[in-house]
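Overview (structure and organization)
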Amino acid sequence: MIGKTVIPFGPQHAVFPEPFHWRLVMEEERVLDAIPGIGYMHRGIEQLATRMEFAKTLFLAERVCGICSFMHALAYAESLEKLMDVEVPPRAKYLRTIWAELARLQSHLLWIGLAADAFGFESLFMQAWRVREYVMDMVEFTEGGRVMTSSVTIGGVRRDLHEEAIEFLLENLDKLEVGFEEVYQVFTEDPLIKHRTVGVGILSKEDSIRLGAVGPTLRGSGVAQDMRMLGYAAYGELEFQPVVEDSCDSYARMVVRLKECFQSINLIRQAIKKLPDGDVLVKVRGKPEGEVVTRIEQPRGELLYYIKANGTKSLERFRIRTPTLSNLPPLMHMIKGACLADVPVITLSIDTCIACTER
Amino acid sequence: MSLVALSRKKSPWLLHFETGGCNGCAIEVWACLTPVYDVERFGMVNTGNPKHADVLIVTGCVNARSGRVLRNLYSQMPEPKVVIAVGVCACTGGIFHDSYNLAPGADRAIPVDIYIPNCAARPEAIIDSVLHAVDLLEEKGRSYDARRS
């Protein structure tokens, strides 16, 4: 019997694309306690926003996170539209929905690849990222950039979809679906993947509610909560149900994300079919005043924006609560009692985004 | 050309470290490693171990906490080594340049050889920079070998 050892995990680790640090208190192969160390990616965005013009803060909000940059821009624009009583044209709402779902697709496919890499399944990682490039092509063709698109603005969207772009979208969605179907089959049928994920990182329904989990982490524990049901953008007019799994382990969270990819493809098709005609941008005048809270479903869960403005050109307070921050307490709960070899899989199962968390 | 010098040119290994920023450039670096862009056709392999690496790719803006890790990684890499700053945050700090806790650019922490300013850097630009890094590595290797003999 040996005593306790402390193993540093990260900040630079081949599994994570971002610096994230665990201090793992181990007894033999079991983790007794896990202490997260964050702060490697702090940039002071909330303070910067109080010095910038509110219209420029949109670009800052977009750079909170490179993976879900569209979602942050959307949340910021929606918040300011609420504050300034702007009615967004219906076509812009639909375009926002289409692009938000593309962002969700690319984020989930990215995660699927990283998860495969964490199991040591290198070829599946490559396949998932190959499929992801179809989404990136669609993003680039319709929004004009791969990562930072700046396609949302206060009062609507900057770009319109022309006929050719819609054809391109539909064509690529078909290719994507075929490619993704193959990846999906490997994930749901491969015994090795099941061996690494089934029963690993259990988070019961009660615990997930008590610890405040959000997004796929919560839905993987059997709670049907999805911020898209609130009906922001054009989600109120589209048909969908939150994807829920009840097995409460890493496998359930993985299956939720895989099924959400099919859901996103379906939502984009619905939105293209219903796409109304008209303008995509209204002019916005004046300066914001008052307080507002916006909740949006990011790929990782619920994103909360709180904005307080006092009628001057910059905001008085800008506060972001990101899904990974909400998911950290459940993650600490899951890691206790796990094997050291399962730590990367469990950490990835909540889809950590450190850039969002530390801002 | 000695065997060591040849292998340096033939197969440089990459170490990627995200120091801060938004992750956008980090996922583009990862996209470079995957089938569509595929830098592995130039013999490059992504490694997690600084002691095996020849090229350090830095993305994101540097703060005091991540700067310390970055210096650690740099000093653990064997000579000769090349550092690429990918993205405008790693070059100058970008949109965050006047934030209270950031150094304006990765070159305040470690010496940088190649800069790619862009937000976010495109995979094509990253591939171009790693190819430049190969030439630079060969050049640095020659002077390193001359110093040693």
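The notes below deal with the structure included here. Keep in mind the model is a prediction, meaning the values are calculated, not measured.

Some remarks on the overall build of chain A
Within chain A, the secondary structure is distributed over 13 helices and 8 strands. Principal axes of the C-alpha set define a box for chain A whose edges measure 70 × 45 × 35 Å. Here chain A holds 359 residues, and 63% of them are scored as buried. When contacts within chain A are restricted to residue pairs at least 6 apart in sequence, long-range pairs at least 24 apart make up 70% of them. Carbon and sulfur atoms form 51% of the exposed surface of chain A, whose accessible area is close to 13100 Å².

Side note on the interface of chain A and chain B
Each side of the interface is counted separately: chain A has 42 residues, and chain B has 40 residues. Across the interface of chain A and chain B, roughly 3300 Å² is buried in total on both sides, 64% from carbon and sulfur atoms. By the criterion of area lost to chain B, the three top residues of chain A are Gln12, Tyr40 and Arg43 of chain A, representing 20% of everything that side buries. At the boundary of chain A and chain B, one finds 3 salt bridges. Between Arg122 of chain B and Glu140 of chain A there is a salt bridge; the shortest N-O distance is 2.9 Å. The tally of links between chain A and chain B comes to 10 residue pairs in polar contact (both at pLDDT 80 or more). Listing elements by their share of the side of chain A that touches chain B, those giving two or more residues are α1 (45-49), α2 (54-62), α4 (90-119) and α5 (122-143) of chain A. Looking at the side of chain A that touches chain B residue by residue, the class counts come to 25 nonpolar, 7 polar and 10 charged.

Comments concerning the packing of α4 of chain A against α5 of chain A
Residues and elements named next belong to chain A. For the pair α4 and α5, the least separation of the axes is 8 Å and the interaxial angle reads 165 degrees. The angle between the axes of α4 and α5 places the two elements in the roughly antiparallel class. In the crossing of α4 with α5, the sense of the turn from one axis to the other is left-handed. Its residues assigned to classes, the contact of α4 with α5 shows 17 nonpolar, 3 polar and 4 charged.

Here's the deal with the pairing of strand β1 (residues 13-18) of chain B
Residues and elements named next belong to chain B. Taken across its 6 residues, β1 has 5 buried, putting it largely inside the fold. Each parallel crossover has a hand, and the one from β1 via helix α2 (residues 24-33) to strand β2 (residues 45-47) is right-handed. Judged from the 5 bridges that link them, β1 and strand β3 (residues 55-59) form a sheet pairing that is parallel. Considered in β3, the bridge of His16 is made with Ile57.

Quick look at the sheet that holds strand β6 (residues 289-298) of chain A
Residues and elements named next belong to chain A. Strand order in the open sheet made by the 3 strands is β6-β7-β8, with antiparallel pairing throughout. In this open sheet, the two edge strands, each paired with only one partner strand, are β6 and β8 (317-321). Geometrically, the sheet is characterised by an average inter-axis angle of 10 degrees between neighbouring strands, direction not taken into account. In the sheet, β6 pairs with strand β7 (residues 301-310) via 10 bridges, with the strands oriented antiparallel.

Reading the values: rules and limits
Residues numbered from 1 in each chain as written. Chains lettered and ligands numbered in written order. Predicted model: local features only at pLDDT ≥ 70, side-chain atom pairs only at ≥ 80, totals over all residues. Heavy atoms only, no water. Helix = DSSP H or I, 4+ residues; strand = E, 2+ residues; numbered from the N terminus. Buried < 20%, exposed > 50% of the residue type's maximum accessible area, 1.4 Å probe, protein only. Contact = heavy atoms within 4.5 Å. Areas by Shrake-Rupley, 256 points an atom, 1.4 Å probe, with all protein chains shown as cover. Buried area = accessible area lost by both parts, 1.4 Å probe. Salt bridge = Lys/Arg side-chain N within 4 Å of Asp/Glu carboxyl O. Polar contact = N/O pair within 3.5 Å; in protein donor to acceptor, adjacent residues only side chain to side chain. Nonpolar A, V, L, I, M, F, W, Y, C, P; charged D, E, K, R; others polar. Axes fitted to C-alpha atoms, helices over the stretch in contact; angles between N-to-C directions. Parallel < 35°, antiparallel > 145°, perpendicular 65-115°, else oblique. Left-handed = near helix turned anticlockwise from the far one by under 90°. Right-handed = clockwise from strand over helix to strand, strands pointing away. Pairing = 2+ DSSP bridges.

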